[in-house]
Amino acid sequence: MDANTGLFKMKKFVSDASTVFNRAVQFTEEKLGSAEKTELDAHFENLLQRADKTKAWTEKILKQTESVLQPNPNIRMEDFVYEKLDKKKRDRVNHHEVLGHVLVDGGNDFGPGTTYGNALVKCGQAQLRIGNAEREFIQTTSNNFLQPLHNFLEGDMKTIQKEKKILETKRLDLDASKNRLRKAKSTSQPQSSQNSPQNVLMMVEEENPVRFHLDDAVARAEADLRVAQAEFDRQAEITKLLLEGVSSAHAHHLRCLNDFIEAQLTYYAQCQNYISELQQQLGSYSHTSGVGNNSSNSSGAGISSGIPSSVPLQASAPPQINVIAATPNIEKKQARVLYDYDAADSSELTLLADELITVYKTPGLDPDWLMAERGPQKGKVPTTYLEVLE
């Protein structure tokens, strides 16, 4: 029993080693241009390119957003190490909170009863509120924007990359099987060409073992090719389904992006509110201090009183008003592309199936066409290729 198990393992090892060697030979010959390569269809290639672009840009967006939330690279590296070690990140005080504590301490030292000391305390309290708003903004952005992007890269995208590698190995196996079948047929062809009428009877009588061996090699190569083709087709279908799922990932990322912008809007609105209240409080201090400076203001009042009341003041020139023509209100909508579309000229926009674009109508444009935007790219597209999302 142990001997049979060992023999089975040895045969499996030899088979696996042979498969790896055949893949390496096929890959090398393709690079040298001496072997044919099975090409994927254009739609599949577009899906692969879209997945690669999604991975690259998601990584860049994730990295730069983290830089905005935490500009210090050393702290980012420290947080990364804590995350890998499954430890809780250190609770740090942000810059606004540090400034707020310094201002409050300074105001208390000068005395909250003094105008300057009270102003310092008020400024410090406003900075502390801004620091707390910043902490909430960072937490919200991390949960609603950074974490979904990170999960996508660590989950769906890693699965796609894994299946792509498996598909590449299946393709190498398929092309290696095609090459072996081609060689087997080319080896058996000269033998069959020598089968002249005079030699046919002799070959049948002698039951040429070489001929039978060549036919058996061709049959085995054809069987291996059928198996390799079936495995390649099955893996291509699995990979295609995963690649098509990138469209739903784009829709999810769009929702996360909206959450990020909403968090930014809330954060900056809070900051503006806190600073506006602080500005009003400091303005009241300025008016109060101005009342005590009557001596300095009296000289100015004397100068103005020396001007006869009958002399009218010359009005300053009215400000120049720039009249800008009102632009028409253009309603923009999101649309999903149903089919691939190649632009006929520079005024049109090339489309890829399942991607999301922004569309809108412009005056004078044919009703069967819409203007479309995809990032910095802009052009007209046919409406039959689109599904406008309400």
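The paragraphs below set out a description of the structure included in this document.

### A few points about a nonpolar patch on the surface
Here is step 1: Taken together, the side chains of V93, V98 and V102 present a nonpolar region at the surface, about 250 Å² in accessible area.
Here is step 2: With respect to the element layout, V102 can be found in helix α4 (residues 95-110).
Here is step 3: Since its relative accessible area comes to 53%, V102 is described here as exposed.

### Points about the sheet that holds strand β1 (residues 333-337)
Sheet strands pair via backbone hydrogen bonds, and the direction of the pair is either parallel or antiparallel.
Here is step 1: Reading across from one edge, β4-β3-β2-β1-β5 is the order of the 5 strands in this open sheet, with antiparallel pairing throughout. What marks the edges here is a single partner per strand, and that holds for β4 (377-382) and β5 (386-389). The mean inter-strand angle of the sheet, taken between neighbouring strand axes irrespective of direction, is 40 degrees.
Here is step 2: Summarising the sheet, strand β3 (residues 369-374) and β4 pair through 6 bridges and their orientation is antiparallel. Bridge assignment links A372 to a residue of β4, and that residue is G379.

### Focus: the pattern of salt bridges
Here is step 1: Enumeration over the complete set of coordinates arrives at 13 salt bridges.
Here is step 2: Across the pair K158 and E154 runs a salt bridge whose closest N-O atoms are separated by 2.9 Å.
Here is step 3: Owing to a relative accessible area of 48%, K158 belongs among the partly exposed residues under this scheme.
Here is step 4: Salt-bridge contacts for E231 lead to K170; the nearest nitrogen and oxygen are separated by 3.3 Å. In this pair, E231 sits in helix α8 (residues 209-244) while K170 sits in helix α6 (residues 156-193), placing the two residues 61 residues apart along the sequence.

What counts and what doesn't
Residues numbered from 1 in each chain as written. Predicted model: local features only at pLDDT ≥ 70, side-chain atom pairs only at ≥ 80, totals over all residues. Heavy atoms only, no water. Patch = residues over 30% accessible without salt bridge, like charges linked within 9 Å, V, L, I, M, F, W, Y side chains within 5 Å. Areas by Shrake-Rupley, 256 points an atom, 1.4 Å probe, with all protein chains shown as cover. Salt bridge = Lys/Arg side-chain N within 4 Å of Asp/Glu carboxyl O. Helix = DSSP H or I, 4+ residues; strand = E, 2+ residues; numbered from the N terminus. Buried < 20%, exposed > 50% of the residue type's maximum accessible area, 1.4 Å probe, protein only. Pairing = 2+ DSSP bridges. Axes fitted to C-alpha atoms, helices over the stretch in contact; angles between N-to-C directions.

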